[in-house]
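Next come the chains, spelled out residue by residue.
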Amino acid sequence: MSQTVAVVGAGYMGGGIAQVVALSGRLVSLADQSAAHAVASRERIIVEAADFASRGLFPADAAERIAAHVSASASIEEAVADADVIEEAVSEIPEVKQDILRRISAASRSDAVIGSNTSTISIARLAEAVEHPARFLGVHFSNPATFIPGVEVIPHAGTSAAAVSTVLGLLEDCGKVGVEIKDVTGFVLNRLQYALFTESCRLVEEGIASAEDIDRIARTTFGFRLPFFGPFAIADIAGLDVYAFCYRSLQEAYPDRFAPPVALEERVSQGRLGLKSGGGFLATPPERIAEITAYRDNAYAAMSELLERLGPAPVEY
């Protein structure tokens, strides 16, 4: 809890990250290319916290806590000088990030952990701009950082285990779910997200369905399940043999787009068909079927009630 944190990049993402960290009780120095921008961002996140609190989304004293824990720094160098952990959250342009990372690493303590909020850029590439790169890794929050729990934690080949541990501990204290993954372009989140978006665009281009109808199908079918079960749990529950059959149909119609994954074919050939066989991609035993079914039914009913209470999203369909 004694860690001090600097957030470099005081835009919407950086401000949200500062809010999250400040509410964990840590002191946060917020910095940007201009001191005026940092001051304005600090004021914005305090006002925003008061609004969140009035709607029951933040603790009642959130604005006061953030005002007490977040300071606007006169410069990037001032913000990072004494920080234990530094999060870079500037524009998603490699040259801009590398320039800022050079400044951060030159002005910070050599033992300070430095994270980058990049969403797609290779961490190894960015690490080239960092002095003592063993302390550097990707720490990718999702928008809005204030409320989305998952955070990708991406070490490069030279990142120390201590740096990873520090970040995972900090995220846990902030109520986030840190997931360590390997350093590849796009990481996990955006490879999944853009694969879905690409196929959605193809369906529109082919005249199969409108954008509005695709959104309706996505959020009321498989998207409805995703808060509770990831893609591998969903596949194991359905049965990997069922998935293999569906892939054969899809491959026949779209041979260049839907070849069955090798990992799926291997499991089916081994008789690892999912929950019903005692394991597929996950190792959930079949004796938990009744428990999983009960959880699923309760979860989906609760989701239906939540959506009914909130009403439709104010998006034009």
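Each chain carries its own residue numbering, running from 1 in the written order of its sequence. Per-residue local features of the predicted model are confined to residues with pLDDT of at least 70, and side-chain atom pairs are confined, for both listing and counting, to 80 or more; whole-chain, interface and lining totals are unaffected and use all residues. The basis for the side-chain values is all heavy atoms of the structure; hydrogens and waters are excluded.

Novice: Sorry, what's going on with the pairing of strand S2 (residues 27-31) here?
Specialist: Strand residues, when the strand is regular, have side chains that alternate between the two faces of the sheet. Here the term buried applies to any residue with accessible area under 20% of the maximum for its type, exposed to any over 50%, and partly exposed to those in between, with areas from a 1.4 Å probe on protein chains only. Under the scheme used here, helices are H or I runs from DSSP no shorter than 4 residues and strands are E runs no shorter than 2 residues, and both carry numbers assigned from the N terminus. Counting buried residues along S2, 4 of its 5 residues qualify, which places the element largely inside the surrounding structure. Paired strands are those between which DSSP finds at least two bridges. By the bridge criterion, 5 bridges tie strand S1 (residues 4-8) to S2 in an arrangement that is parallel. Note that in S2 the partner of Thr 4 across the bridge is Leu 27. With the strands pointing away from the viewer, any crossover whose connection runs clockwise from the first strand over the helix to the second is right-handed. Considered for its hand, the β-α-β crossover made up of S1, helix H1 (residues 12-23) and S2 is right-handed. One ladder, built from 3 bridges, connects S2 with strand S3 (residues 70-72); its direction is parallel. Counted as the bridge partner of Leu 30 is Ala 72 from S3.

Novice: What exactly am I supposed to notice about the side chain of Arg 135 here?
Specialist: Secondary-structure assignment places Arg 135 in the loop between helix H6 (123-127) and strand S6 (136-141). Note on charges: Lys and Arg go in the positive column, Asp and Glu in the negative column, and His and the chain ends are not counted at all. Salt bridge criterion: a side-chain nitrogen from Lys or Arg within 4 Å of a carboxyl oxygen from Asp or Glu. Buried and unpaired, Arg 135 has no salt bridge, with Glu 131 as the nearest side chain of opposite charge at 5.2 Å. Here a polar contact is recorded for every N or O atom pair within 3.5 Å, except that within protein the pair must consist of a potential hydrogen donor and a potential acceptor, and residues adjacent in sequence are included only if both atoms are side-chain atoms. Polar contacts involving the side chain of Arg 135 include one to the main-chain carbonyl oxygen of Glu 131, which spans 3.0 Å. Residues are treated as being in contact if the distance between any of their heavy atoms lies within 4.5 Å. Apart from the residues within four sequence positions on either side, Arg 135 is in contact with Ser 105, Ser 108, Arg 109, Ser 110, Ala 112, Val 113, Ile 114, Val 130 and Ala 163.

Novice: Looking at this model, I keep getting lost on the pattern of salt bridges. Mind explaining?
Specialist: Note that side chains of opposite charge can pair when their charged atoms are close. Going through the model one piece at a time under the given rule, you end up with 16 salt bridges. Of the charged contacts, one joins Arg 109 and Asp 111 as a salt bridge, the two residues approaching to 2.9 Å between their closest N and O atoms. Arg 109 gets classed as partly exposed once you look at its relative accessible area, which sits at 29%. Because the salt bridges share partners, they merge into one network encompassing Glu 199, Arg 202, Glu 206 and Arg 257.

Novice: Got a minute to help me understand the packing of H1 against helix H3 (residues 62-69) in this structure?
Specialist: Any two packed helices are characterised by how steeply their axes cross, that is the angle between the axes, and by the distance between the axes. As a packed pair, H1 and H3 sit with axes 9 Å apart at the nearest point and diverge in direction by 95 degrees. In this view, H1 runs roughly perpendicular relative to H3, as classed from their interaxial angle. Along its contact with H1, which presents Gln 19, Ala 22 and Leu 23, the element H3 presents Ala 62, Arg 65, Ile 66 and His 69. Geometry is summarised by axes, namely lines fitted to C-alpha atoms with helices restricted to the contacting stretch, and by angles between N-to-C directions that run from 0 to 180 degrees. Angle categories: roughly parallel below 35 degrees, roughly antiparallel above 145, roughly perpendicular from 65 to 115, and oblique for all the rest.

Novice: Any chance you could explain the packing of aromatic side chains here in plain terms?
Specialist: Aromatic ring pairs are defined here through the distance separating the ring centres and the angle between the ring planes. Only centres within 6.5 Å qualify two rings of Phe, Tyr or Trp (six-membered ring in Trp) as a pair; their planes then separate them into stacked at under 30 degrees, edge-to-face at over 60, and tilted for everything else. Under the counting rule described, the total for this entry stands at 10 aromatic pairs. On the basis of an interplanar angle of 45 degrees and a centroid distance of 5.9 Å, the ring pair of Phe 58 and Phe 147 is categorised as tilted. On the criterion of sequence distance, the pair formed by Phe 58 in the loop between helix H2 (35-54) and H3 and Phe 147 in the loop between S6 and strand S7 (150-155) is long-range, its members being 89 residues apart. Put simply, the rings of Phe 224, Phe 228, Phe 229, Tyr 295 and Tyr 300 touch in pairs and so form one group of aromatic residues. By definition, being over a ring means that NZ of Lys or CZ of Arg is both within 6 Å of the ring centre and within 35 degrees of the ring normal. Just above the ring of Tyr 254 sits the side chain of Arg 257; from NZ or CZ to the centre is 5.0 Å.

Novice: Can you help me understand the sheet that holds strand S5 (residues 113-116) in this one?
Specialist: Hydrogen bonds between backbone atoms are what pair the strands of a sheet, whose relative direction is either parallel or antiparallel. Taken in spatial order, the 8 strands make up an open sheet running S3-S2-S1-S4-S5-S6-S7-S8, and their pairing is mixed. Strands with a single pairing partner mark the edges of an open sheet, and in this sheet they are S3 and strand S8 (177-180). Within this sheet the neighbouring strands show an average axis-to-axis angle of 25 degrees, counted without direction. This element, helix H5 (residues 94-107), spans S1, strand S4 (85-88), S5 and S6 of the sheet and lies at about 165 degrees to S4. Against the sheet, helix H7 (residues 161-173) contacts S1, S4, S5, S6, S7 and S8, and its axis sits at roughly 175 degrees relative to S7.

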